[in-house]
Amino acid sequence: MPYTTQVVEKGTSYSFIAEAKPPTVTMPRIKALMTGSIPGFIDVIVNLNSPALLEDNLIWQAKTAGKRIVFYGDDTWVKLFPKHFVEYDGTTSFFVSDFTEVDDNVTRHLDRVLKRDDWDLLILHYLGLDHIGHMTGPNSPLVGPKLHEMDNILKKIHVSLLSKEEASLPNLLVVCGDHGMSETGSHGGSSEGEVHTPLLFISSAFEKRSGPLTQPELVQQTDLASTLAIGLGLPISRNSVGNLILPVVGGKTMREQLRFMHLNGYQLSRLLQENTPAYEKDPGYEHFKIAEKSHGNWIKLYLEGNNSEILLNLGKKVLKQYLEALKTLSSSLSRQVAQYDMYSMMVGTVIIMEVLLLLLLSVPKALSSRAEFEVPLFPPLFSLLFYLMCLMLCAVHVIVCTSAESLCYFCSMSWLTAVGVMMLISALMCGILSAIAKVFENSRLPLKNPVVSSSSWSEIDVLILAGTIGHVLSLGASSFIEEEHQTWYFLINTLCLVLCQELCRSNFLLKECDPQHSTTVKQNFDCTGEASKCKNIDIPAAGSSKLGKATSSAEFIKGSDKWISLASPWIILICCRLLRSLNQTGVQWAHRPDFGHWLTSSEHKSELSFLTAVSLLMIFFLVQRRCSLVSKIAMALGLLGVYSYRAAIGNIIYPWQHDSKDISKGITEARFVYVFVLGIIITGTKELLKSQVISADSSVKSTGLWEVYSGLVLLAALLFRPHNLPVLVFCLLIQTMMTKYIWRPLKFDAAQITIMHYWFGQAFFYFQGNSNGIATVDVSAGFVGLESYVEIPAIFLTAFATYAGPLLWAIHLLCYLSSEVSRNSAAVGHGCFCYALMRSIPVAIYIVLVTGLRYHLFIWSVFSPKLLYEGVHVFITAAICLFFTAMDQNHSHKVQD
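Residues numbered from 1 in each chain as written. Predicted model: local features only at pLDDT ≥ 70, side-chain atom pairs only at ≥ 80, totals over all residues. Heavy atoms only, no water.

A tally of helices and strands in the chain yields 38 helices and seven strands. By sequence separation, contacts in the chain at least 24 residues apart represent 76% of the contacts at least 6 residues apart. Accessible surface computed for the chain: about 42,200 Å², of which carbon and sulfur atoms make up 64%. (Helix = DSSP H or I, 4+ residues; strand = E, 2+ residues; numbered from the N terminus. Contact = heavy atoms within 4.5 Å. Areas by Shrake-Rupley, 256 points an atom, 1.4 Å probe, with all protein chains shown as cover.)

Shown next as structure tokens:
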């Protein structure tokens, strides 16, 4: 940017580095720039469809003062400030594959609007550079030309404003960014590249720079609202925590500078009084009062006509006192201005904990052979305890809502909704008490079928319990949340070692046993089988006992795949280690180079193209084995379309292609793939409906599920970036190996297999390059094949691409449990319950932890993003469990019969 560099080095300008607070996404940052306040993390979700901003802000103050405002650019501004602009033209900010039209739509208005004099404020929000970062990263060859384009636009505006100043007051040109960009081109987190943005003030009213260029001063992004308000002669926004950037008004007289500082200090002290009961003891307030008193002494000297050096030195001293007071006040307010709606938070936490307790109390019945999950809510509804609890909770609600000084979300609901929530809490509590009573009642009864119930815990059971507890406890530490991927990598590595031990025991234990011992084992197993016929006990569910496993592996050790089976855990460990090298994630080591960065660099496009081709071939080989002929053809054509799409948008090249000059959006190629994705999924759905309605054949159902799974794999291949396709390959490879060489030979029960699927799903979430920071969400996946921004498809595609790992492992679990004919019919029900339980335990505990740690230093940068991820994951898990339940209808009908 040569012109901008020239203005900064030799022109009349002031340059700064503005520090933004997370979340570094567009809508919260626009709010911070215009209100001077610190937005909450819920704005990340609201960012998708921004509501009108009701908080006091600079735009509203300018409109009230009669300022005429013109806007062109990101339509988020139009949504936040409706009816505030005399003229505007908004462009959607979410269609990230558009680099040119989104900026040309802004620039086309410039020549016309710069010639006019019927506006006071002109706001331009360009999006092209942000979109390039999302799609191709910060090191893309497209960044240079785009910066040069922005430099020419800045030159055009600056020259036009200078030509108008002959007959008017000096103009002010402000150049800033709403957020930065991470090393992967995304944003939303708290890395240095994301929170540091340029801030440039250009005006002929400033003194021309002389001397060497110094390092830009670090200021807060919220300081812009206060600075612009004072510069425009407007009131500072009520909730602003920003400070006046003093160099911008450095050309004013000492009296005006002191007045500006006092206005800013008075506004901050008033805000502190509203948010802090003991505001008088705050250091910032004390410093402000001292500065205010010194300011009064300066005014006395000034009114006396004293123009000596004493007055000047005293003025500089007062300015220094004001600066210190403003800095301390702003720091205090930034920590305290977050007002938590504790009442609403407690109501939500109570409901979540009640649901978790009901799930835990339902474990014995849910994992029985009948897989019954009945919540005893209806009997308590007619009990006296239920009505007493409802009355008590309603009374508490009335007291809290009538005495609350601040706005409460739950109190703003209608009374009918509030009473319904109170009834739900009361019913859940009564259900918990009823379930506890039944547990104590059943504990007094004599044990039935002691042979099966007396099975001992295996090493797998101990690992699962210890791993679950350890992971939940780790959520209380910010460092463990930042590096949560390390927890899951450790757990699956340990799981592989334990599986290796189980395989060695199954393959070599019986060789050391004498035939008489084997006969005794078989007789005991036969007795257990007879008992199960009488009592309807699920024998595979009892397979965790060493007795069952030793016997069930007798057929396995005769096979020819023994050595492949023994090598399987080690092959899986090697695959996991390779995947760890593909994408560096987390916070501490995210900056380190990885294989993914090497592949995505422009000089290694040939290697990336070769890896993409091999990965797509491997995906076809691993998926097609259980598909119908039509689906195999559709899968092959779809994967060919995936390669064509990535070549069209310039990520990879064809073997006969020497460069990638002909870059397009790949709309046709992507939609070509979508046709085959829908075709495969519809074919599988037809088979599933046939198995549910016409035929009860399990093979038809299994084929249908695998078709649906294959369609989702094809969709993931389309949405994944080319360097991430090996993640999908290794996912399919590990699933295939564990199915054939580990789960079937070792005869694990449904609960154990479900938890293994869950663990690997969580690990693959991080293998994709995801983290607990918002910056790692690949927004570009939501616009594959779309010509314009369409909200629902974009949200679905982004969510699927982000959670593809857990989703594919969950659907594979359903495919596996449904295909195992030898298993009890309740296996799918067991899997559904265990999956829901494994997701519910960390979410419920984490909500309690976050509530307790709401004043933690890293609550906004670490804990809040994780809470958003957990919330979305819960919705996805609920959808998965509904699919499980729908596929388990045959079992439900059998139980009823």
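Picking up where we left off.
Inspection of the entire model under this criterion finds 26 aromatic pairs. Seen from their ring centres, Phe 386 and Tyr 387 are 5.2 Å apart, and the 75° between their planes marks the pair as edge-to-face. Taking 5.8 Å as the distance between ring centres and 45° as the angle between the ring planes, the aromatic pair formed by Tyr 643 and Tyr 654 counts as tilted. Of this pair, Tyr 643 sits in helix α29 (residues 629-648) while Tyr 654 sits in the loop between α29 and α30 (667-694), and the two are eleven residues apart along the sequence. (Phe/Tyr/Trp six-rings, centres within 6.5 Å; stacked < 30°, edge-to-face > 60°.)

Enumeration over the complete set of coordinates arrives at 17 salt bridges. Between Glu 87 and Arg 112 there is a salt bridge whose closest N-O contact spans 3.3 Å. Taken together, the positions of Glu 87 in strand β3 (residues 87-91) and Arg 112 in helix α7 (residues 110-114) put the pair 25 residues apart, joining distant regions of the chain. Its relative accessible area of 39% is what places Arg 112 among the partly exposed residues. (Salt bridge = Lys/Arg side-chain N within 4 Å of Asp/Glu carboxyl O. Buried < 20%, exposed > 50% of the residue type's maximum accessible area, 1.4 Å probe, protein only.)

What follows is about the pairing of β3. Burial along β3 is one-sided: the face carrying Glu 87, Asp 89 and Thr 91 is buried and the face carrying Tyr 88 and Gly 90 is not. With five bridges connecting them, strand β2 (residues 69-74) and β3 associate as parallel partners. By the bridge assignment, Phe 71 is partnered in β3 with Tyr 88. (Pairing = 2+ DSSP bridges.)

Taken in spatial order, the four strands of this open sheet run β5-β6-β1-β7, and their pairing is mixed. If you trace the sheet from one side to the other, it starts and ends with β5 (173-176) and β7 (217-220), each paired once. The mean inter-strand angle of the sheet, taken between neighbouring strand axes irrespective of direction, is 30°. With four bridges joining them, β5 and strand β6 (residues 196-202) adopt antiparallel strand pairing. Bridge assignment links Val 174 to a residue of β6, and that residue is Phe 201. (Axes fitted to C-alpha atoms, helices over the stretch in contact; angles between N-to-C directions.)

Looking now at the sheet that holds β3. With parallel pairing, three strands are arranged side by side in an open sheet as β3-β2-β4. Each of the sheet's edge strands pairs with one partner strand only, and the pair in question is β3 and β4 (121-125). Between one strand axis and the next, the sheet turns through 5° on average, direction left out of account.

Unusually for a residue other than glycine, Lys 83 sits at a positive phi of about 65°. Along the polypeptide, Lys 83 turns up in the loop between α5 (76-80) and β3. The exposure class of Lys 83 is exposed, given its relative accessible area of 78%. A positive phi angle, near 55°, is found at Lys 747, a position not held by glycine. In this structure Lys 747 comes out as partly exposed when scored by relative accessible area, which is 38%.

Its place among the elements puts Ser 478 in helix α22 (residues 478-482). Not counting residues up to four positions away in its chain, the partners in contact with Ser 478 are His 856, Phe 858, Val 862 and Phe 863.

Between helix α23 (residues 484-508) and helix α33 (residues 750-767), whose axes approach to 9 Å, the crossing angle comes to 135°. Comparing their axes, α33 and α23 come out oblique. Our pair here, α23 against α33, has a crossing hand that is left-handed. Residues Glu 484, His 485, Trp 488, Tyr 489, Leu 491, Ile 492, Leu 495, Cys 496 and Leu 499 of α23 lie in contact with α33, whose contacting residues are Met 756, Tyr 758, Trp 759, Phe 760, Gln 762, Ala 763, Tyr 766 and Phe 767. Looking at the contact of α23 with α33, its residues break down into 14 nonpolar, two polar and one charged. (Parallel < 35°, antiparallel > 145°, perpendicular 65-115°, else oblique. Left-handed = near helix turned anticlockwise from the far one by under 90°. Nonpolar A, V, L, I, M, F, W, Y, C, P; charged D, E, K, R; others polar.)

Glancing now at the confidence of the model for the chain. Per-residue pLDDT for the chain averages 82, and the proportion of residues at 70 or more is 85%. Averaged pLDDT values over the elements of the chain bottom out at 38 in helix α24 (residues 515-535) and peak at 94 in α33. Across residues 448-455, confidence stays below pLDDT 50; counting only partners more than four residues off in sequence or on other chains, it has nine contacts. In this model, residues 513-558 is a region of pLDDT below 50 whose contacts with residues beyond four sequence positions or in other chains number 58 contacts. (pLDDT = per-residue confidence, 0-100.)

Attention now moves to the environment of Pro 569. Secondary-structure assignment places Pro 569 in helix α26 (residues 562-582). By relative accessible area, which is 1% here, Pro 569 ends up buried. The spacing of Pro 569 and Gln 501 is 68 residues in sequence and 9.6 Å in space, taken between C-alpha atoms. Non-local contacts of Pro 569, meaning those with residues more than four positions away in its chain, are made with Cys 496, Leu 499, Cys 500, Leu 503 and Ile 742.

Quick look at the nonpolar core now. Among the nonpolar cores identified, the biggest contains 110 residues, and Ile 619, Trp 759 and Phe 760 are the most heavily contacted of them. Those residues in contact with Phe 760, other than ones at most four positions away along the chain, are Ile 492, Leu 495, Cys 496, Ile 572, Ile 734, Met 738 and Trp 809. Judged by nonpolar contacts, the second largest core, of 55 residues, contains Ile 69, Ile 230, Leu 268 and Val 318. (Core = buried A, V, L, I, M, F, W, Y, C linked by side-chain atoms within 4.5 Å.)

Let's shift gears to the state of the cysteines. Scanning the model with the defined rule gives one disulfide in all. Cys 576 provides the cysteine sulfur closest to Cys 496, a residue in no disulfide bond, and the two sulfurs are 5.6 Å apart. Note on Cys 496: relative accessible area 1%, which makes it buried. (Disulfide = S-S within 2.5 Å.)

This part is about a nonpolar patch on the surface. A cluster of nonpolar side chains, namely Trp 457, Val 462, Leu 465, Ile 469 and Leu 473, defines an oily patch on the protein surface of about 550 Å² accessible area. Its place among the elements puts Ile 469 in helix α21 (residues 459-474). (Patch = residues over 30% accessible without salt bridge, like charges linked within 9 Å, V, L, I, M, F, W, Y side chains within 5 Å.)

This part takes up helix α35 (residues 804-819). With 16 residues, α35 extends 22 Å between its outermost C-alpha atoms, agreeing within 8% with the 22 Å of an ideal straight helix rising 1.5 Å per residue. Taken across its 16 residues, α35 has 16 buried, putting it largely inside the fold. (Expected span 1.5 Å × (residues − 1).)

Helix α37 (residues 859-887) packs onto helix α36 (residues 827-852) with a crossing angle of 160° between their chain directions and a minimal axis gap of 10 Å. With respect to each other, α36 and α37 are oriented roughly antiparallel. The element α36 and its partner α37 pack so that their crossing is left-handed. For the contact of α36 with α37, the class distribution of residues is 16 nonpolar, four polar and three charged.

Positionally, Ser 565 belongs in helix α26. Among the residues examined, Ser 565 registers a relative accessible area of 0% and is labelled buried.

Along the polypeptide, Glu 687 turns up in helix α30. Although buried, Glu 687 forms no salt bridge, and the nearest oppositely charged side chain, Lys 686, lies 4.9 Å from it. Once residues within four sequence positions are removed from consideration, Glu 687 is found in contact with Val 700 and Gly 704. (Lys, Arg positive; Asp, Glu negative; His and termini not counted.)

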